[in-house]
Amino acid sequence: MSPCPFSLARRALALALVAAGLAPWAAAQAQATYPARPVRIIVGFPAGTGPDIVARLLAQKLSENWGGVGVIVDNKPGAGGLIAAAEAARAAPDGYTLMLGETGQLSIAPSSYNKLPYDPAKDFVAVSQAVSADFVLLVNPQKVPAKNVKEFVSWTQQQKGLFMATFGAGTPGHFGAFMFGEAIKIKPEPVHYKTTGDALGGLFSGDVQGVFASVGLAAPNVKAGKLVALGTTGATRAGALPDVPTIKEQGFSNLEFTSWFGIVAPAKTPADIVAKLSADVQKAVRSPEGKQKMEDAGFRVTGTTGEEFARIIRADTVTWGKAVAATGFKAD
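Undergrad: An account of the overall build of the protein chain is requested, with residue identities and associated values reported.
TA: Of the regular secondary structure elements, the protein chain holds 12 helices and 10 strands. Dimensions along the principal axes, computed over C-alpha positions, put the protein chain at roughly 100 × 40 × 30 Å. Per-residue burial for the protein chain yields a buried fraction of 50% across its 332 residues. Summed over its atoms, the accessible surface of the protein chain is roughly 15400 Å², and 57% of this surface lies on carbon and sulfur atoms. If the 32 positive side-chain charges of the protein chain are averaged to one point and the 26 negative ones to another, these points end up 3 Å apart.

Written out as structure tokens, the structure reads:
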């Protein structure tokens with residue numbers, strides 16, 4: 001005899017109620033067991049660069065906090081980080097492929113490219129901004145007789161032009177140089193290099209007169225006396241170069257810009273995994289050892305929540321978008 005329709009309905013309702021009751025437990029179990037295998041962090045820049053340094057320090061602390069589960073840093077350099085971002089956007093949204101995102105990929109690229117192979121707003125979910133990074137204006141003392149920004153401006157006005165090195169078209173250093181030119185009323189000519197080493201090589205050779213480099217990468221050359229730091233771009237002085245005044249301190253009140261690095265995951269990554277990742281990243285960078293290592297490398301630890309990081313990305317997309325529009329620059 002066929003089952004009574006009412007019996008089938010009651011059974012279906014009972015199963016649905018059981019499933020609903022188990023859902024929170026299943027989510028908690030997924031979070032409790034994550035990660036159960038190695039996690040990959042894609043970095044869009046070569047080894048030894050700022051993003052790579054942050055990713056490796058973060059990977060070490062996360063692995064320790066996860067009981068030795070492997071955290072692999074996978075460098076995918078090229079196209080200003082776009083190749084890496086496109087790959088990360090296509091990755092399975094399971095928490096096992098992440099990206100160490102930076103300002104250029106997530107907040108500048110939407111304005112500087114007509115067509116992107118990914119959509120920063122739709123293809124990623126913000127996990128946590130790990131650190132921010134100030135820039136420092138560097139000159140070669142053998143080529144430029146300046147000890148501060150005002151002396152540099154005076155010297156520049158006597159030259160035939162101002163050539164500023166960048167670490168690539170469309171990067172924060174590129175548009176930072178433009179904003180610096182706006183502040184001092186001199187239009188700089190950007191000279192784009194493929195790597196940090198190439199850009200510093202141009203500074204040493206005299207092919208360019210200045211460059212905005214991250215404080216962490218610049219500090220060793222400054223402390224060794226090879227390069228002179230004229231001013232930093234943050235709101236306050238950088239911990240790695242405490243004796244170098246900010247550019248704002250030197251009378252250029254409107255000139256302040258920084259970059260940042262943070263973890264993002266592919267869109268549709270389960271919310272419970274994103275929440276665990278965010279808490280773990282914050283714990284890693286705020287721990288005494290993690291914080292010290294990041295600061296020693298020249299970064300400011302921020303360790304934001306995912307919601308805070310998402311707001312920063314949106315706000316900086318507007319800010320950098322104005323700079324991009326003012327230059328008329330398009331990368332494609």
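Undergrad: Let's hear about helix H12 (residues 306-327): which residues, and what values?
TA: The end-to-end C-alpha separation of H12 is 31 Å, in line with the 32 Å expected for 22 residues at 1.5 Å each. Of all the residues in H12, the buried ones are Gly 306, Phe 309, Ile 313, Asp 316, Trp 320, Gly 321, Ala 323 and Val 324. All buried residues of H12 project into a common sector of 165° when viewed along the axis, lining one side. Of the residues in H12, the exposed ones pointing more than 90 degrees away from the buried face are Glu 307, Arg 314, Lys 322, Ala 325 and Ala 326. Phi turns positive one or two residues past the end of H12, at Gly 328, with a value near 75°.

Undergrad: Run through the packing of aromatic side chains, naming residues and quoting values.
TA: Evaluated as defined, the whole model comprises 12 aromatic pairs. Consider the rings of Tyr 34 and Trp 66, whose centres lie 6.0 Å apart with planes at 70°: the pair is edge-to-face. Here the residue Tyr 34 occupies a position in the loop between helix H1 (5-33) and strand S1 (39-43), and Trp 66 occupies one in the loop between helix H2 (50-65) and strand S2 (71-75), the gap between them amounting to 32 residues. Look at Tyr 34 and you get buried, because its relative accessible area is 4%. Taking the centre distance of 5.4 Å and the plane angle of 70° together, the rings of Phe 212 and Phe 257 count as edge-to-face. With Phe 212 in strand S7 (residues 210-214) and Phe 257 in the loop between strand S8 (228-232) and strand S9 (258-266), the pair connects residues that are 45 residues apart, well separated along the chain. With respect to burial, Phe 212 and Phe 257 carry one shared label: buried. Here a set of aromatic residues connected by ring pairs shows up, and it is made of Phe 135, Phe 152, Trp 155, Phe 180, Phe 212, Phe 257 and Trp 320. Across the ring face of Tyr 96, the terminal group of Arg 37 is positioned such that the distance to the ring centre comes to 3.8 Å.

Undergrad: Lay out the pattern of salt bridges in plain terms, naming residues and giving numbers.
TA: A complete count under the given rule lists 13 salt bridges for this structure. For Arg 300, the salt bridge is made with Asp 134, and the minimal N-O distance between the two is 2.7 Å. Here Arg 300 is found in strand S10 (residues 300-301), whereas its partner Asp 134 is found in strand S4 (residues 124-139), with 166 residues between them in sequence. Owing to a relative accessible area of 27%, Arg 300 belongs among the partly exposed residues under this scheme. A cluster of three or more residues bridged by salt bridges with shared partners is formed by Arg 40, Asp 74, Lys 76 and Glu 87.

Undergrad: Lay out the packing of helix H7 (residues 172-184) against H12 in plain terms, naming residues and giving numbers.
TA: Interaxial distance between H7 and H12 falls to 10 Å at its minimum, and their mutual angle equals 70°. The angle between the axes of H7 and H12 places the two elements in the roughly perpendicular class. Here H7 runs over H12; the crossing is left-handed. Contact residues: Pro 172, Phe 175, Gly 176, Phe 178 and Met 179 in H7; Trp 320, Ala 323, Val 324, Ala 326 and Thr 327 in H12.

Undergrad: So what's going on with the nonpolar core? Residues and values would help.
TA: A general trend in soluble globular proteins is that nonpolar side chains are found buried together. Ranked by internal contacts, the top residues of the largest apolar core, which has 33 residues, are Val 54, Leu 58, Trp 66, Leu 100 and Ile 263. Secondary structure elements with two or more residues in this core: S1, H2, S2, strand S3 (97-102), S4, S9 and helix H10 (271-286). In this structure, Val 54 is in contact with Leu 100, Ala 130, Val 131, Phe 261, Met 294 and Phe 299, ignoring residues within four places of it in sequence. Among the nonpolar cores identified, the runner-up in size contains 28 residues, and Ile 108, Ala 146, Trp 155 and Trp 320 belong to it.

Cut-offs used in this document
Residues numbered from 1 in each chain as written. Predicted model: local features only at pLDDT ≥ 70, side-chain atom pairs only at ≥ 80, totals over all residues. Heavy atoms only, no water. Helix = DSSP H or I, 4+ residues; strand = E, 2+ residues; numbered from the N terminus. Buried < 20%, exposed > 50% of the residue type's maximum accessible area, 1.4 Å probe, protein only. Areas by Shrake-Rupley, 256 points an atom, 1.4 Å probe, with all protein chains shown as cover. Lys, Arg positive; Asp, Glu negative; His and termini not counted. Charge placed at Lys NZ, Arg CZ, Asp CG, Glu CD. Expected span 1.5 Å × (residues − 1). Arc of directions from axis to C-beta. Phe/Tyr/Trp six-rings, centres within 6.5 Å; stacked < 30°, edge-to-face > 60°. Lys NZ or Arg CZ within 6 Å of the ring centre and 35° of its normal. Salt bridge = Lys/Arg side-chain N within 4 Å of Asp/Glu carboxyl O. Axes fitted to C-alpha atoms, helices over the stretch in contact; angles between N-to-C directions. Parallel < 35°, antiparallel > 145°, perpendicular 65-115°, else oblique. Left-handed = near helix turned anticlockwise from the far one by under 90°. Contact = heavy atoms within 4.5 Å. Core = buried A, V, L, I, M, F, W, Y, C linked by side-chain atoms within 4.5 Å.

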